[in-house]
Amino acid sequence: MARLADYFVLVGYDPGKRGSGDGQGQILQRFPEKDWEDNPFPQGIELFCQPSGWQLFTKRNPPTFFVAVLTDINSERHYCACFTFWEAVESAQPQSHPRNGEEEEEEPSSPVQPAQLFAPKSLVLVSRLDHAEVFRNSLGLIYTIYVDGLSVSLENVIGNLLTCTIPITGGAQRTISLGAGDRQVIQTPINDSLPVSSCSVALLFRQLGITNVLYLFCAALTEHKILFLSSSYQRLTDACRALLALMFPLKYSFTYVPILPAQLLEVLSTPTPFIIGVHSIFQSETQELLDVVIADLDGGTVNVPECVHISLLPEPLLQQTREALSMVLDPELEVADLAFPPSTISASSLKMQDKEIRAVFLRLFAQLLQGYRWCLHIIRIHPEPVIRFHKAAFLGQRGLTEDDFLTKVLEGMAFAGFVTERGAPYRSIDLFDELVAYEVKRMRAEEGNKQKILRHIKELAEKLYKNENPYPAVTMHKVQKPTEGCHLRLHQKPFPRLDEGMVQWIIDQATAKLQTAPPAVKAEKKCMVPSGPPIAAIMERNGNALANSARRLEVVRNCISYVFENKMLEAKKLFPAVLRAMKGRAARHCLTQELNLHVQQNRAVLDHQQFDFIIRMMNCCLQDCTAMDEHGIAAALLPLVTAFCRKLSPGITQFAYSCVQEHVVWTNIQFWEAMFYCDVQNHIRALYLDNNEENHADEESTEGPQEAKSALEIASEQLRLWPTMSREKQQELIQKEESTVFSQAIHYANRMSYLLLPLDTSKNRLLRSSGLGDVESVSNSFVTNSIAGSVAESYDTESGFEDAESSDVANYVVRFINRFVDKVCTESGVTNEHLKGLHVMIPDIVQMHIETLDAVHRESKRLPPIQKPKLLRPNLLVGEECVMEGLRVYLMPDGREEAAGGNIGGPPLLPAEGAIFLTTYRIIFKGTPTDPLVGEQVVIRSFPIASLTKEKKINVQAQVDQFIQEGLQLRSCTFQLLKIAFDEEVASDSAEIFRKHLHKLRYPQHVRGTFAFTVGQSPKQAMQPKAKEKNPSLRTLSKNLVKNAKKTIGRQYVTRKKYTPPMWEQRSSQHFPEDEDEISVSEEMDRSTLTPTTTIKPSDKMTINHLVERACCRDYQRLGLGTLSSSLTRSKNEPFRISTVNRMYAICRSYPGLLIVPQSIQDNTIQRISRCYRQNRFPVVCWRNSRTKAVLLRSGGLHGKGVVGLFKSQNAPTAGPSQTDSTSLEQEKYLQAVVNSMPHYADAGGRNTLSGFTSAHMSSSGKWGSIRASGRMSSYALNMEIGSRLAGKDLLGTQHNGTPAEASFLRQHRASLYIIGDKSQLKGVKPDPLQHWEVVPIEVFDVRQVKASFKKLMKACVPGCPSTDPSVAYLRSLEESEWLSQIHKILQISVLVVELLDTGSSVLVSLEDGWDITTQVVSLVQLLSDPYYRTLEGFRLLVEKEWLSFGHRFSHRGAQTLAGQSSGFAPIFLQFLDCVHQIHLQFPMEFEFSQYYLKFLSYHYISNRFRTFLLDSDYERIELGLLYEEKGERKSQQVYKSIWDYIERLNKKAPVFFNYMYAPEDGEVLRPYSNISNLKVWDYYTEETLSEGPSYDWELAQGQPEHVEEADRQDAGAPQTKRKIIWPCYDNRSRVEPDAISKLLEELQNLEVELGQVPERWKDTWDKVKASQRSEARQEGSRTPSSLLMSSGLSHHRRSLGVYLQESGVGSTLNLSLDSDTSSTSTPSSGKQGGRRSTSTLYSQFQMSESENRSYEGSLYKKGAFMKPWKPRWFVLDKTKHQLRYYDSRMDTECKGVIDLAEVESITPGTPTMGAPKTVDEKAFFDLKTTKRVYNFCAQDVQLAQQWIDRIQSCLSDA
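S.K.: Requested: an account of the overall build of the protein, with residues and values cited.
M.R.: Summing up its helical and strand segments, the protein has 63 helices and 44 strands in all. Residue burial in the protein is summarised as follows: out of 1855 residues, 54% are buried. For the protein, long-range pairs separated by at least 24 residues make up 72% of all intrachain contacts whose partners lie at least 6 apart in sequence. On the protein, roughly 83,200 Å² of surface is accessible, and the fraction owed to carbon and sulfur atoms is 54%.

Set out below in C-alpha cells:
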C-alpha cells in the first residue's frame, strides 16, 4: 500500500519580493509540516507551480491544472499536481509594480481607482504515484468547496486526502471519498513494470507524425538531448510520458523534466543527455542550442541540428515499424484505392490506438533484443546474482556488428539498467519477457503478412489495455465541480488560511491506525525467466551457402589431419585453399574445434613444420578478427595457444602464444573481461552441477541423458532455494563462489602475461606500450614464428628509439593486468584480502614469464623466421579472368626513387610483399609494403600482358635475413617494371608454369588469341588458334576478298624477291595455310583481272559501301578532295578523284580501299606506277590546304630502279629493259598531274628551289612555341648540308639565333612539289632544271634505331635496380637514349613540311616503307596545319585515317603475336603521341583533348584491351571480319571492342579527356619549337600510381577511394579534417586532388543527384557556362579575341602582352605563360587592336564581387521610384569610383544601379513612408538627396543606419 498523496502545499505570490521584474512565489502552508521519514519534502515547488514565472495579471484567468515531475537525489520521481487560480491582490500600493509596463504610472493624487491586479495561487499535491485524473478531481473539489462556499471543512478534506492509502499494483480497484459527499474510483495497473500511458502516446503521434516520433525515439535511445516545446504544460508532460512509455522495457536514466521553469533554463546547456519540456514562449532561448533535438508539439516539427547524427533503427526493422504504425494510425490507407471501400473501417478509440502503437514498439524491442538472454554471463549467484552482458557476441551472432544504432543502444545507460533489472534469472516476469521468449518465432513467420501482424498487434494491445484498465465497467466518479464562470466573481474572498493543527491531528490518527494494522504482504509471483530460442536458431542461413561451406570445412579438416599425421606435402597443397576458406566464419570455428580434438591433457607437442602450419592457420584465423572478437574466434583459440608447443632444445619449450601475439584483440580489455566472465560462469555452473550430481547420480542413469542445464537455469534454481538454506550453507556457497572467481583471476593473470609479453622482451615493443589500437592494426599482418620482436627491431633501428629496459614492457603488462583484475574482481565481489594478494602476485608472474621467454627467444633465434601476410585479391575488369591464382612474391624496388622513399623522403613503399596474379589481360602485383610504418597502404602494380617487352630470371635477396631466392624481372613498354622474388613457399615448378602461361598469353599463335578477342571467354579457349566467326556473311565477304586478291596477284617474279621484307612471307604463310607458296607483294599484276572502275560488279557494291563509311572517306569529303559520284561534269573541274582501284586490296595490301589520285591518271597506270615504290605504296593525296590548295602526299620509298628512272639525267643511256623506262615516264606523268592540280602552278615560271624558312612565313598567321634557342643552324634547318644545298651553295653566315641569314630569304621561286626522301637512297641524284619538283634528301633514323633508343629510354626511366647517384645517372642515360633527339627530328621535318604547304608548295613524303616515319610526319603535319585534327573527333579521324587505314603495322611493331616475337617492340605510334604531347605543352589552348587522353591512347594501343589497334592493315582486319562487324554486332554483349566507343562513352560521363584551356584561334597553323632544350620528358614515362596501378583502366580506378574513406571514418573520435596527404608516386594525383573545374562539375552532378534531378551532361554544363561568360564579356564591351578563356581576363593578358612585345621589336622572347610548362602563346594575328584597352574594360575584367573596390557594403531597404514598393538591395560603397552601387543580392555580379556621390547634396534622417518594413525602428530610416531625386533608405536597425550615414558622409567630405 502507498499514500495517494504525500504533501499538500498552498503556494502564493510573494508581495515582498517584487522589485526585479518578475515576482516570486512563496509556500504559504504545507501539510504535514514535518517531512515523512521515507519521503522528504521536495525543494523548489514554488518554481514549478508557475513555470513561466510569477506575474500579476489585470484580469482573472480560469483555473488551470497540470502535473510537473520532480526528481529527487535518489532519482525517485515525484509528481506535483498544480491547480492554479487567481486572487485579487490587496491594493496597498498598487502602482508600485505595474506588470511589465502594461499600465503607465499614474499620479497618486489622481481620483481614478487603479486597475485591480490578480495574483496566481496554487494548490499542489505531491505524490510518488502518477494518478493525474484523481489529483485533478481532488484539487478541483477543494477549489469548489472554497469558491462555492460549500459547508464542508477544507481541513477535513485535506486530511483525508493525505491519509488515503491505495495498493500500488495488482489490478486492485479502490473507491475513495474525501468526505465531501464525493466518490472516486482508483484502478491500479496489474503489473507495475509496464508503464501507464492512457492516451498520451496516441496524442504524441497525432502531434508529430510517424517519422518524427521515430526520430525522437532513436534519439532518446542513443542518448541525445531532446527538448519539447508547447504552449500547454499538460501536453509537455504527456509527450514526455509518452516517449518514456515507448522506450519500455528500457528505462530512461538521464535528466527528465517534463516542465522546466523559466529560472532553470540554463539546465538546457548541460552536457548530459536529457528529455525536457519548455513552454514555447521561451523558444528564442532555445535557438542557440546546437546539439539539442527540438520537437515542437504545436507545430508538429522535429528539428535535428546539423551536427547531430541520429542513428536510425537497422533495416528491415525500420521499414516494418513504419508500416505497422501506419496500419494502426491510418487504417483507411490500405483501402484508399478500392473502388468499393468497406464502410466499417475506422481507427480504434484513442485509448486503444495508444496501446496498439505501444504494441508495435514492444514487438520492435522483442525483435531487436531477441536472444539477449543467451549472451548473459552470470558471475555470482549468491549472495545476490551478478550478471554481465556479452555485447560483442550478441552483435556478432545477430550479424549487426556494423550497425550504429544497436551498438549505441547496447553501450547506453538504459541498456545497462535493463541488464541489471531483467538479467536476474529468477524474478517475476511481464509481457516483454514472454514476448521475447515465446513469440519471436511467430514474428519471424508472420513477416510480410500484414493481416497477421495487425492481429498480433491487436492481441498485445488488448493485454496492455487490460493492464491499465482491469475493470472495464467502472462505477462512475462523483465529484462536485464549481459553477460555471465562478472565477469571474467580483468579490471573491481570498483562500482561507487552514488550521494546521486539525489537519495534523487527522494525519496522526491515521498513521497510528496504520501501525497497528497488520502489514499487507503481497505475494510476489517469482519464477524462472524463460530464455527463448538461441539466436542461431532464429537467424537461419540459406542452405546454399551451407553446402558450399561444408566443402570448405572438409578441406580445413583434411588439412589439419594431414598436419597431425605428418603428411606435410599433402598439407602444403591444401594450405592455400585453407587460408582462403578462413575468410568464412564457419571455417574459423571449424578450425578451433578440430584443433581442440588434437589436444590431450592440455598439451600437444609438435615438430617444427607442424608447429609452423598450426601457427599460420591460427594467425590467418585471427587476422580478420576485430578487437571486439564478435564471433568468439579469439575466445575459442585462447585455450589452444597455451596448449600447442614445440621443443626447441632439451628443457626449452615454445608455446603457440608467443607467435600469435600480434593481433589487436589481445590488447582489448573488453575482450578479456568477456572471456573471464564466460569462464567464471562455466566454473560456477560446474560447481553447482557437481553438487547435484552427487545426490542424484542413481536417478540419472535411469532417465537417460538429459539436456544440459544452462547456467541461468541453474542460477534460478539456486535463487529459489536460497531462502530455505541454513546460514552456514549460505556462507559456504558464498565462499566457494568467491574462491572460484579468485582462482580464475589468477589463471587469467597468467594467460594475459602470455599473450601480452613479447618473445623478445629486451626490445621495448612499441606496438604494445603505446597502447594504440591503430599501430597494432599495422602489425596485423606480421605473423611471426619466432619473432614478435623483429617488428620492434626495425622500429628501433629506423626510428632511432634507444633500447629500453625490459622493465618497461613488464611494467606496462603489469599495469594492464592490474587494471583488468581490479575491474573484474570488484564487479564479481572478490574479497579485499584476495585482491591484495593478487596484486602482489602479478609482478612475480610477469617476471617469471619473462625469464622463461628469454631462453625461448635465444633458442628460437636459431630458427629461420617466416612472415606471411594474407594475399589480397585484385579487382578485375568485366570479362577479365584469372589464369593463375596468386603466387606469393616480394616486389623489389626498381630504381625509381619515389617508391623506395628516396630523394623525396617518406617511408619506402617497396619492397612490398604480396602476390602476383596472371589474368587474361594483365599481370598484377598486389600486396603491402614490408616497412611496418606504411603497412596499411596497399601497393598495386600491373600492366597489360601485351605490353611485356622483356622477361628475365634473376636472383634476389628478398629480405635482409632471408636466403637468396629466384625471381623474375618483367619489363613493360607502359613503363612498369615488376621485379619480383618468389617466396620460398612457391615451388619452382609453379614459377615455371607462371612463365609458360605468361609466354603463351603474351605471344598468342594468332591475333585471335589476344585479350580483345577472347574477352569474356574462358581462358582455356584463348589458347586455341582458330575461333568460329560470329557473322557468316562477313566471313564470306572476307573470303571473297582474299580469293580475288590471290587471283590478281598471279605470277611471281623471283627477281623482285629482294625487295620484299622478310616479315611478309611469314605473315602470308599464316594467312593462307592452304597453299604454301610465298606471296610476294611487289609482283607483276595480271591485267585481265583488274576491272575498270566504271563497271563494279554487284558483289563488290557491298564492299564499296563499307569503304565509303571508313574514316578516311569522311575526311576526304570534309577536305573537298573528291567524291565517289561518276557524273563527269563535276569530276572534270575537280583536280582529284577518289579511286576504287584498290578496293580489293589487290594493288597495295597495306593501303585503304579508296584512295585520292589526280583526276587525269587512269587506274591501270596506277598499277604500273605502284611497282616503283616499296610495298607498292605509290603516292596518294592525304590532305589539302584549304587556303593555298597545296596538297600533302605520302608514299613508300622508291625502289632502286625507280629512283634512277625518275631522276636520271635525260641523256644518259637507258640501262634496263624498256619496261622500266615506260614506268618512269608514267611516274613522271603522275607527279606532273599533281603539280598541275595546284592553282598557282601556271603563274610560277622559271626554276623553283626550296629556300629555308622565310621571314614571311614567320609573321604569317601561325604560332611559334616557346623561346627560340640560340642553337646551331643545323638544329633548326634540317642540317648544314641540306641547308646549304637549299639556299644555294654560298650559304651566308647563319645568324646566332638559328634562323638562316636574311640574304637567303630573297629567293622568290619555289618548286611546286617537294619530295622528301631518304638521303641514303637518293645518292648521286642530280637535280634536273626542267622538272617542276625538287627532291629533298634527308637523313632519318630507321626502326632499329627507334627500338634501341626506346630500350634505353625505358632503362633510364625505370632503371631496374637502384643506382648509386640517381640524379646524374638519370639525365645521362636519358641523353644517351637519344629519344628526344629523334622527337626533335620528327618535329623538325614536320614543321618544314607545314611551312612548305603554307606557302603553297605541295609535298610528297616518301620515306622508308611509307608506314612508319612517313606516317608520323604526315600525321603531325596535318595536326599542325588543320585545327580540326586538334579536336577529339578530328584526332580520332586522323589516327583512323593515317595510322589504321594506311597500314601502320600495329601488330608487327607491337609484336602482338608469336610471329612478331623475334622482331620486338617498336614504339612508332608512341613516338608520334609523344610529339603531340610536346606540341600540346607548347600550345595548351589549341587542343580540345587533355594530356591524359594521349597517355590513355599510348597505354591502350599496346594493351590489347580493344580491337582498334590490332592487325597491320584494313585488309587484314577485313579478313578477320573485324572492320565491318560494328553494324551487325552492335547488340553483342562484348564490352566496347573499339577504343573510340569507350572514349566517347567515358567522355560523356566525366571530363577526363577534356582540356579546359581549349580556346582555339581560327585557322591557326602551329609551328612548335623543336630544339631539344624546348622538349620535355613526358611524365607518362616517369610517373606511376602504386595505390591502384595504372589509371587507364577507368573502371578499376573508380571503385577504390570509397573504402579508404570508410576506414578513416571509423576513427570518429578524432577531429575530422578535410586534409589528405598525397604521395606523388602512391596516389592518383589527378583524382585525389582534382582541378577546380572538374571538382565543381562533380559537385554539381552530386547535388543534382541528391535533389533527384537527372544529372546534366558535364559537357552541356560547361558549354553553358562558357557561353554565358562570352556574352558577359560582350556586354562589358572588352575588345578581346573571341576565344575568351574561362573566368578571368588572364588569357587576354597572356596573349595580348605577347603582342606588345612583338611590336616593340623584342621578338617574343618572353615566356608569359600561366605555368612553367606551357609556353607563351603570342598571337600575331590579333594585331594592334589588342594593344591599349580603355580603363573601364580593365575594370570590368574583374567583375567578381571580391576583387572590386568595396569600401563598405551591406543590405538596405530602398524605396523604389514614385509609387513603387520598398525592396531590400545589396549596397556597395566604393570610395575609389566615388559611387554607391546596388545589386539584387550579395551574390549578384551585375550592378542594378549607381548613385554618383558627386551629385549628393545632403543626407538626413528620414521617416517611414507607406509600405515600409514594419518591424524596423523608425530611427533606422534615412534619406539621400541628390540633384536629381531623393532616395529613401532603411537599415535593419538604428546602429547600421548610423554607420551608413557616417560612411557616406566621410566619403563626401573626403571628396
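Next comes the rest of the write-up.
S.K.: Report on the packing of aromatic side chains, specifying residues and quantitative values.
M.R.: The geometry of an aromatic ring pair is captured by two quantities: the separation of the ring centres and the angle between the planes. Within the structure shown, the criterion is met by 80 aromatic pairs. Ring geometry for Trp 672 and Tyr 748: centres 6.2 Å apart, planes at 85°, overall edge-to-face. Remark: Tyr 748 occurs in helix H25 (residues 727-756) and Trp 672 occurs in helix H23 (residues 669-703); sequence separation between them is 76 residues. Both residues of the pair, Trp 672 and Tyr 748, belong to the buried class. Stacked on the ring of Tyr 748, the Lys or Arg Arg 751 has its end atom at 5.2 Å from the ring centre.

S.K.: Please set out helix H10 (residues 391-398) residue by residue, giving values where relevant.
M.R.: In terms of burial, H10 is largely enclosed, as six of its eight residues are buried. Gly 399 sits one or two residues past H10 and shows a positive phi near 70°.

S.K.: I'd like to hear about the nonpolar core, residue by residue, with values.
M.R.: Nonpolar side chains in soluble globular proteins tend to end up buried together. Phe 228 and Phe 644 are the most contacted members of the largest nonpolar core, which totals 263 residues. Residues in contact with Phe 644, not counting those within four places in the same chain, are Phe 564, Leu 595, Val 599, Ala 604, Leu 606, Phe 611, Ile 614, Met 618, Gln 654, Phe 655 and Ala 656. Counting residues in hydrophobic clusters, the runner-up holds 135 residues, among them Tyr 1116, Val 1394, Phe 1509 and Leu 1575.

S.K.: Give a description of helix H31 (residues 988-1002) that names residues and reports values.
M.R.: Across its 15 residues, H31 extends 21 Å between first and last C-alpha, which sits within 8% of the 21 Å expected from 1.5 Å per residue. Three or more residues of H31 are buried, namely Ser 990, Ala 991, Phe 994, Leu 998, Leu 1001 and Arg 1002. Summarising the axial view, the buried residues of H31 lie within an arc of 110°, below the 170-degree limit, and thus occupy one face.

S.K.: Describe the sheet that holds strand E21 (residues 652-655), and please don't skip the residues or the numbers.
M.R.: Spatial ordering of the open sheet is given by E19-E20-E21, a layout of three strands whose pairing is mixed. Lying at the two open borders of the sheet, with one neighbouring strand each, are strand E19 (604-606) and E21. Strand after strand, the sheet turns through a mean of 40° between neighbouring axes, direction not considered. Pairing of strand E20 (residues 644-649) with E21 involves four bridges; the strand directions are antiparallel. What sits directly across from Lys 647, in E21, is Thr 653. Most of the contacts of helix H30 (residues 832-860) go to E21, to which it runs at about 90°, and overall it touches E20 and E21.

S.K.: I'd love a proper account of the confidence of the model for the protein, names of residues and values included.
M.R.: When pLDDT is averaged along the protein, the result is 74, and 73% of the positions lie at 70 or above. Long-range and interchain partners of residues 1019-1039, a stretch whose pLDDT sits below 50, account for 24 contacts in this model, where long-range means more than four residues apart.

S.K.: So what's going on with the pattern of salt bridges? Which residues, and what values?
M.R.: For the coordinates displayed, the defined rule picks out 71 salt bridges. Of the charged contacts, one joins Glu 411 and Lys 391 as a salt bridge, the two residues approaching to 2.8 Å between their closest N and O atoms. A residue pair is termed long-range when its members are at least 10 positions apart, and Glu 411 in helix H11 (residues 404-411) and Lys 391 in helix H10 qualify at 20 residues. The exposed category is assigned to Glu 411, whose relative accessible area is 53%. One salt bridge connects Glu 1442 with Arg 1194, and the closest N-O pair in it is separated by 2.6 Å. Of this pair, Glu 1442 sits in helix H48 (residues 1432-1445) while Arg 1194 sits in strand E32 (residues 1191-1195), placing them 248 residues apart in sequence. The exposure class of Arg 1194 is buried, given its relative accessible area of 0%.

S.K.: Describe the sheet that holds strand E12 (residues 274-279), and please don't skip the residues or the numbers.
M.R.: Whenever strands of a sheet pair, they do so through backbone hydrogen bonds, lying parallel or antiparallel. As summarised here, the arrangement of the five strands in space is E11-E12-E10-E13-E14, forming an open sheet in which the pairing is mixed. The sheet is open, and its two borders are formed by strand E11 (255-257) and strand E14 (301-303), each paired with just one other strand. Direction aside, the axes of adjacent strands within the sheet are offset by 20° on average. As defined by bridge partners, strand E10 (residues 225-230) adjoins strand E13 (residues 292-296) across five bridges and the pair is classed as parallel. Of the residues in E13, the one forming a bridge with Leu 227 is Ile 294. Taken strand by strand, helix H5 (residues 210-221) contacts E10, E12, E13 and E14, and its axis lies near 140° from that of E10.

S.K.: Outline a positive patch on the surface, supporting the account with residue identities and numerical values.
M.R.: Taken together, Lys 950, Lys 952, Lys 1351 and Lys 1355 make up a surface patch of like positive charges. When residues of the positive patch are traced back to their parent elements, those giving at least two are strand E26 (948-957) and helix H44 (1343-1357). Along the chain, Lys 1351 turns up in helix H44. For Lys 1351, a relative accessible area of 59% corresponds to the exposed category.

S.K.: Help me get a handle on the packing of H5 against helix H7 (residues 317-329), residues and values and all.
M.R.: One way to put it is that H5 packs onto H7 with a least axis distance of 11 Å and a crossing angle of 130°. Viewed along their axes, H5 and H7 adopt a mutual orientation that is oblique. Between H5 and H7 lies a crossing of right-handed hand. Contacts from Ile 210, Thr 211 and Leu 214 in H5 reach Leu 318, Thr 321, Arg 322, Leu 325, Ser 326 and Leu 329 in H7. Split by residue class, the contact of H5 with H7 holds five nonpolar, three polar and one charged.

S.K.: Can you explain the side chain of His 377? Please cite residues and give values.
M.R.: Counting through the fold element by element, His 377 comes out in strand E15 (residues 376-380). In contact with His 377, other than residues within four places in its own chain, are Val 386, Ile 387, Arg 388, His 390, Ala 674, Tyr 677, Cys 678 and Gln 681.

S.K.: Residues and numbers for unusual backbone geometry, please.
M.R.: In most cases, non-glycine residues show a negative phi, while peptide bonds are predominantly trans. Here the residue pair Phe 31 and Pro 32 is connected by a cis peptide bond, since its omega of -15° sits within 30 degrees of zero. Mapped onto the secondary structure, Pro 32 falls in the loop between strand E3 (24-31) and helix H1 (45-49). For the bond running from Glu 315 to Pro 316, omega is 0°, close enough to zero to count as cis. Take Pro 316: it is sitting in the loop between E14 and H7. In this structure, Glu 223 is a non-glycine residue whose phi angle is positive, near 65°. Relative to the helices and strands, Glu 223 resides in the loop between H5 and E10.

S.K.: Explain the pairing of E15 to me, using residue names and the numbers behind them.
M.R.: When a strand is regular, its side chains alternate between the sheet's two faces. Taking burial as the measure, the five residues of E15 include five buried ones, the bulk of the element. Here E15 folds back onto strand E16 (residues 386-389), and the loop between the two strands holds five residues.

S.K.: Explain the environment of Pro 271 to me, and be specific about the residues and the numbers.
M.R.: For Pro 271, the position within the fold is in the loop between E11 and E12. Expressed as a C-alpha distance, the spacing of Pro 271 and Lys 225, which sit 46 residues apart in the sequence, is 8.8 Å.

S.K.: Account for the packing of helix H21 (residues 608-623) against helix H22 (residues 633-641), naming residues and giving values.
M.R.: Relative orientation of the contacting elements H21 and H22 amounts to 155°, with a least axis distance of 10 Å. It follows that H21 is roughly antiparallel to H22 by the angle criterion. Here H21 runs over H22; the crossing is left-handed. Seen from H21, the contacting residues are Met 618, Cys 621 and Leu 622; seen from H22, they are Ile 633, Ala 634, Leu 637, Leu 640 and Val 641. Looking at the contact of H21 with H22 residue by residue, the classes come out as eight nonpolar, no polar and no charged.

S.K.: Tell me about the pairing of strand E9 (residues 184-187), and please be specific about residues and values.
M.R.: In E9, alternate side chains face the same way, and those of Gln 184 and Ile 186 on one face and Val 185 and Gln 187 on the other are all buried. Bridge analysis of strand E8 (residues 173-176) against E9 gives four bridges, and the strand direction is antiparallel. Looking at E9, one finds that Ile 176 is bridged to Gln 184.

S.K.: Residue-level account of the environment of Tyr 13, with values.
M.R.: Among the structural elements, Tyr 13 can be located in strand E2 (residues 7-14). For Tyr 13, a relative accessible area of 9% puts it in the buried group. Counting along the chain gives 109 residues from Tyr 13 to Ser 122, while the straight-line C-alpha distance between them is 9.1 Å.

What counts and how
Residues numbered from 1 in each chain as written. Predicted model: local features only at pLDDT ≥ 70, side-chain atom pairs only at ≥ 80, totals over all residues. Heavy atoms only, no water. Helix = DSSP H or I, 4+ residues; strand = E, 2+ residues; numbered from the N terminus. Buried < 20%, exposed > 50% of the residue type's maximum accessible area, 1.4 Å probe, protein only. Contact = heavy atoms within 4.5 Å. Areas by Shrake-Rupley, 256 points an atom, 1.4 Å probe, with all protein chains shown as cover. Phe/Tyr/Trp six-rings, centres within 6.5 Å; stacked < 30°, edge-to-face > 60°. Lys NZ or Arg CZ within 6 Å of the ring centre and 35° of its normal. Core = buried A, V, L, I, M, F, W, Y, C linked by side-chain atoms within 4.5 Å. Expected span 1.5 Å × (residues − 1). Arc of directions from axis to C-beta. Pairing = 2+ DSSP bridges. Axes fitted to C-alpha atoms, helices over the stretch in contact; angles between N-to-C directions. pLDDT = per-residue confidence, 0-100. Salt bridge = Lys/Arg side-chain N within 4 Å of Asp/Glu carboxyl O. Patch = residues over 30% accessible without salt bridge, like charges linked within 9 Å, V, L, I, M, F, W, Y side chains within 5 Å. Lys, Arg positive; Asp, Glu negative; His and termini not counted. Charge placed at Lys NZ, Arg CZ, Asp CG, Glu CD. Parallel < 35°, antiparallel > 145°, perpendicular 65-115°, else oblique. Left-handed = near helix turned anticlockwise from the far one by under 90°. Nonpolar A, V, L, I, M, F, W, Y, C, P; charged D, E, K, R; others polar.

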